[in-house]
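Residue-level listing of the chains:
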Amino acid sequence: MTLTQPRTDPVRTQTLVAVNPTGSSTAHRRSRASKIIVTGILVVAALYFLIPVYWVVVAATKSTEDLFSTFGFWFGSDVHLLENLGQVLAYDGGIFVRWFLNSILYAGVGAVLATYFAAAGGYALAKYRFRGRDLVFGTILGGVLVPATATALPLFLLFSQLGLANTYWSVLIPSLVSPFGLFLCRIYADATVDDSLMEAARLDGAGELRIFHTVGLRILTPALVTVFLFQLVGIWNNYFLPLVMLADQSLYPITLGLNNWRAQVDRLPEFYELTTGGVLLSVIPLAIAMIVLQRFWRGGLTEGAVK
């Protein structure tokens, strides 16, 4: 007797993919639960940062009486926002406007120059090979670990000997140094600035400075925006260094001036209105800077792409 193998149909022998409805639904539930958890964490973080700003907005609309007699997170019976802001801008001959301009000078000029110096130093440490490079980078990295309050007193003694204490330079010059910014630019340049781009630019006859300004800075845009915002916020909110360096009230930044007003509330309660209104005005430039510059993070993510 001859045994024959059953003929197989190629169509019927195709591999069937079994779908497990239970496993699919379980994975879907896990994915949905993780999204809910992440969203909840982000909402809590957003509330943590937005609630103080909301309180400042509400407090700036109240009089001193309403500030202590009404619910803190809701508006009073009357809105005094324009009156309070008018008092802030007009008090003591418009001293707050002078503080505001001083902060723009310290934070604006300091952040721009500090970002440029950090980009130049980080680019050089990342793309050039020279003796002592690792030692220089290690020294700068050590500077990140030193708190600014630890260097305030030595800086004051140094600037006093140079005759620069109680001047704009005593606050502006220390703001030009950003060890964290240089560290970040060095890491980012090493990862995104391709050597082939630099070689192509050299073959086209470009010098090293031109390569840095036309190629390096453009690719480093996300890192530069990050360094600029960190430096801008840090200088704008800096309190201890101006407190040590400055004695002339006309040279104060906003932080030092508002603290000077807050120290007088026990003697003159109307300074509550001035302080809350001044705090509201001091938040506006930082919010504008964040809204305007955030697009550069998205737009610069592909700047370093190389075909």
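Because the structure is a prediction, the values reported are computed rather than measured.

> What is the right way to look at the overall build of the protein in this model?
Of regular secondary structure, the protein possesses 14 helices and zero strands. Ordered by position in the sequence, the α and β elements of the protein form the string α-α-α-α-α-α-α-α-α-α-α-α-α-α. Across the protein, the fraction of contacts at a sequence separation of at least 24, relative to all contacts at a separation of at least 6, is 74%. When the accessible area of the protein is evaluated, it comes to approximately 19,200 Å², of which 67% is carbon and sulfur surface.

> Help me out: how do you make sense of the side chain of threonine 192 in this one?
Tracing the backbone through its elements, the reader meets threonine 192 in helix H8 (residues 179-192). Residue classification places threonine 192 among the buried residues on the basis of a relative accessible area of 18%. A distance of 2.7 Å separates a polar atom in the side chain of threonine 192 from the backbone oxygen of tyrosine 188.

> Got a minute to help me understand the packing of helix H9 (residues 195-203) against helix H10 (residues 208-219) in this structure?
Axes are the key here: two packed helices are described by the angle between their axes and the distance separating the axes. Running from amino to carboxyl end, H9 crosses H10 at an angle of 140°, the nearest separation of the two axes being 10 Å. Two packed elements cross with a definite hand, and for H9 against H10 that hand is right-handed. Every residue of H10 that contacts H9 at Leu197, Met198, Ala201 and Arg202 is listed here: Glu208, Ile211, Val215 and Ile219. The residue inventory of the contact of H9 with H10, partitioned by class, reads six nonpolar, no polar and two charged.

> What's the story with the pattern of salt bridges in this structure? I'm lost.
Counted according to the given criterion, the structure contains three salt bridges. In this structure, the salt-bridge partner of lysine 127 is aspartate 195, at a minimum N-O distance of 2.9 Å. In this pair, lysine 127 is assigned in helix H4 (residues 95-127) and aspartate 195 in helix H9, connecting sequence segments 68 residues apart. We classify lysine 127 as buried; its relative accessible area is 13%. A residue is classified by how much of its surface remains accessible, and aspartate 195, at 44% relative accessible area, is partly exposed. Note that glutamate 199 and arginine 202 form a salt bridge whose closest N and O atoms lie 3.1 Å from each other. Remark: arginine 202 and glutamate 199 occur in helix H9; sequence separation between them is three residues, near one turn of the helix. Taken together, the salt bridges that share partners define one network made up of Glu199, Arg202 and Glu208.

> Sorry if this is basic, but what is going on with unusual backbone geometry here?
Among all residues save glycine, negative phi is the norm, and among peptide bonds the norm is trans. Positioned with a positive phi, aspartate 92 is a non-glycine residue whose angle comes to about 55°. Relative to the helices and strands, aspartate 92 resides in the loop between helix H3 (81-90) and H4. For asparagine 166, which is not glycine, the phi dihedral falls at a positive 60°. In this structure, asparagine 166 sits in the loop between helix H6 (148-162) and helix H7 (168-175).

Criteria and cut-off values
- Residues numbered from 1 in each chain as written.
- Predicted model: local features only at pLDDT ≥ 70, side-chain atom pairs only at ≥ 80, totals over all residues.
- Heavy atoms only, no water.
- Helix = DSSP H or I, 4+ residues; strand = E, 2+ residues; numbered from the N terminus.
- Contact = heavy atoms within 4.5 Å.
- Areas by Shrake-Rupley, 256 points an atom, 1.4 Å probe, with all protein chains shown as cover.
- Buried < 20%, exposed > 50% of the residue type's maximum accessible area, 1.4 Å probe, protein only.
- Polar contact = N/O pair within 3.5 Å; in protein donor to acceptor, adjacent residues only side chain to side chain.
- Axes fitted to C-alpha atoms, helices over the stretch in contact; angles between N-to-C directions.
- Left-handed = near helix turned anticlockwise from the far one by under 90°.
- Nonpolar A, V, L, I, M, F, W, Y, C, P; charged D, E, K, R; others polar.
- Salt bridge = Lys/Arg side-chain N within 4 Å of Asp/Glu carboxyl O.

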